[in-house]
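Structural overview for review
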Amino acid sequence: MFTGATLAVSAVLFAIGTIGVLLRRNAIVIFMCVELMLNAVNLTFVAFAERLGVAGQIFVFFVMAVAAAEAAVGLAIILAVYRHKETVDLQHINLLKG
Amino acid sequence: MPSILAVVYWAFAGLAVIASAMCITRRNPLASALWLVQTLFCVAVLFTILHAPFIGVLQVLVYAGAIMVLFLFVIMLLNLGRASGDLKGLVASAVATVLGIGLLLDLRPISHAGPPDAIVLPAGALDSMLVHQGVVGSVAGPLFDTYLVPFEITSLLLTAAIVGAVVLAKRKL
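The paragraphs below set out a description of the structure included in this document.

About the thresholds
Residues numbered from 1 in each chain as written. Chains lettered and ligands numbered in written order. Predicted model: local features only at pLDDT ≥ 70, side-chain atom pairs only at ≥ 80, totals over all residues. Helix = DSSP H or I, 4+ residues; strand = E, 2+ residues; numbered from the N terminus. Contact = placed C-beta atoms within 7 Å. Axes fitted to C-alpha atoms, helices over the stretch in contact; angles between N-to-C directions. Parallel < 35°, antiparallel > 145°, perpendicular 65-115°, else oblique. Nonpolar A, V, L, I, M, F, W, Y, C, P; charged D, E, K, R; others polar. Core = buried A, V, L, I, M, F, W, Y, C linked by C-beta atoms within 7 Å. Buried ≥ 20, exposed ≤ 12 C-beta atoms within 10 Å, placed from the backbone. Domains from an automatic or database assignment. Expected span 1.5 Å × (residues − 1). Arc of directions from axis to C-beta.

1. A short note on the overall build of chain B
Broken down by element type, chain B carries seven helices and zero strands. Ordered by position in the sequence, the α and β elements of chain B form the string α-α-α-α-α-α-α. Taking the principal axes of its C-alpha atoms as reference, chain B extends roughly 50 × 50 × 30 Å. Nonlocal contacts in chain B, meaning residues at least 24 apart in sequence, comprise 51% of its contacts between residues at least 6 apart.

Written out as structure tokens, the structure reads:
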């Protein structure tokens, strides 16, 4: 019933998430913006699941599992970086810069 | 006269967009996290309206409940609550906004790209499935049948993630 509208909303949420990734310097907030983008994609899956059957909802389930794993490992990495550099500001984390 | 469902749908869709915009513009990471929780709740309502009530419940339990608590925990552990100067400068912000709007224009065709009619379910098919198999059953059936192997691989992934997080977080093994 709301397929087109939902796809539009999810596109807007995805774009906002992308802007957030480009806009912020705090690694944790950038991470939260990535979660927002994952959620926008989940919304697309559910919108298509309404027309094409429950397989889309099961993919949302898998995306959530991957997001949980990603959050656990990513936040552990951020903690390890913070112990090393005393900051989570990505401007100051530039080990690869020559 | 729009139906009450459409009114609720557009209210929560609008709230989700506003809350996500607040999430990326607040300077305080804690405020960002709480606005993101607000967005996740609104998207959960949209899931429920789109005949996926179980996914909506999972969204609240797993995303808003577990993942965001993990984020808040790390923000508080690192004492980032008063961090300032988190947003980039004016030029970078303008570039980010332009790129974001460009992405939105790229994604615009998706909203009227429907699937071919031959594979679309008849109207009300998902509704009757929810009634006959139950809210959980309609998702659990295919999950433990067609998608059993991916489901087991997911458990392997979660175990690997737990081991990885512990190894990263420990100073000495």
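2. A look at the packing of helix α3 (residues 55-85) of chain A against helix α7 (residues 148-169) of chain B
It is the contact of α3 of chain A with α7 of chain B, at a shortest axis distance of 9 Å, that shows an interaxial angle of 10 degrees. With respect to α7 of chain B, the element α3 of chain A is oriented roughly parallel. Between α3 of chain A, through Phe 62, Ala 65, Val 66, Ala 69, Ala 72, Val 73, Ala 76, Ile 77, Leu 79 and Ala 80 of chain A, and α7 of chain B, the contact on the second element is made entirely by Pro 150, Thr 154, Leu 157, Leu 158, Ala 161, Ile 162, Gly 164, Ala 165, Leu 168 and Ala 169 of chain B. Tallied by class, the residues present in the contact of α3 of chain A with α7 of chain B amount to 18 nonpolar, two polar and no charged.

3. Comments concerning the packing of helix α2 (residues 27-52) of chain A against helix α3 (residues 53-77) of chain B
Running from N to C, α2 of chain A and α3 of chain B point in directions that differ by 175 degrees, and their axes come no closer than 12 Å. As the angle between them shows, α2 of chain A and α3 of chain B are arranged roughly antiparallel. Of α3 of chain B, the residues touching α2 of chain A (which contributes Ile 28, Met 32, Glu 35 and Val 46 of chain A) are Ile 55, Ile 67, Phe 71, Val 74 and Ile 75 of chain B. Residue composition of the contact of α2 of chain A with α3 of chain B, by class: eight nonpolar, no polar and one charged.

4. A look at the interface of chain B and chain A
Counting residues at the interface gives 69 residues for chain B and 61 residues for chain A. Listing elements by their share of the side of chain B that touches chain A, those giving two or more residues are α1 (4-25), α2 (29-49), α3, α4 (90-107), α6 (137-143) and α7 of chain B. Looking at the side of chain B that touches chain A residue by residue, the class counts come to 54 nonpolar, 13 polar and two charged.

5. With respect to the nonpolar core
Ranked by size, the top nonpolar core spans 67 residues in total, and within it Leu 13, Ile 28, Met 32 and Val 46 of chain A together with Ala 16 and Leu 46 of chain B carry the most contacts. When contributions to this core are tallied by element, the ones reaching two or more residues are α1 (3-23), α2 and α3 of chain A together with α1, α2, α3 and α7 of chain B. When residues of this core are assigned to their parent elements, the largest contribution, 14 residues, is made by α2 of chain A. Residue contributions to this core reach at least three from each of two domains, namely domain 1 (1-113) and domain 2 (122-173) of chain B.

6. A word on the environment of Gly 56 of chain A
Residues and elements named next belong to chain A. Tracing the chain through its elements places Gly 56 in helix α3. Taking C-alpha positions, Gly 56 is 5.1 Å from Phe 45, a pair spaced 11 residues apart along the chain. In this view, Gly 56 contacts Phe 45, Val 46, Phe 48 and Ala 49; residues no more than four positions away in its chain are not counted.

7. What about α1 of chain B?
The terminal C-alpha atoms of α1 of chain B, which comprises 22 residues, lie 32 Å apart, in line with the 32 Å expected from a rise of 1.5 Å per residue. Within the span of α1 of chain B, buried status applies to Tyr 9, Phe 12, Ala 13, Ala 16, Ala 19, Ser 20, Cys 23 and Ile 24 of chain B. Burial along α1 of chain B is one-sided: seen end-on, the buried residues are contained in an arc of 135 degrees. For α1 of chain B, the exposed residues lying more than 90 degrees away from the buried face are Ile 4, Val 7, Ala 11 and Gly 14 of chain B. Against the buried residues of α1 of chain B lie α1 and α2 of chain A together with α2 of chain B.

8. Quick notes on unusual backbone geometry
Unlike most non-glycine residues, Glu 86 of chain A shows phi in positive territory, near 65 degrees. Mapped onto the fold, Glu 86 of chain A is located in the segment after α3. In this structure, His 51 of chain B is a non-glycine residue whose phi angle is positive, near 60 degrees. Structurally, His 51 of chain B can be placed in the loop between α2 and α3.

By themselves, these are just geometric observations and shouldn't be taken as functional.
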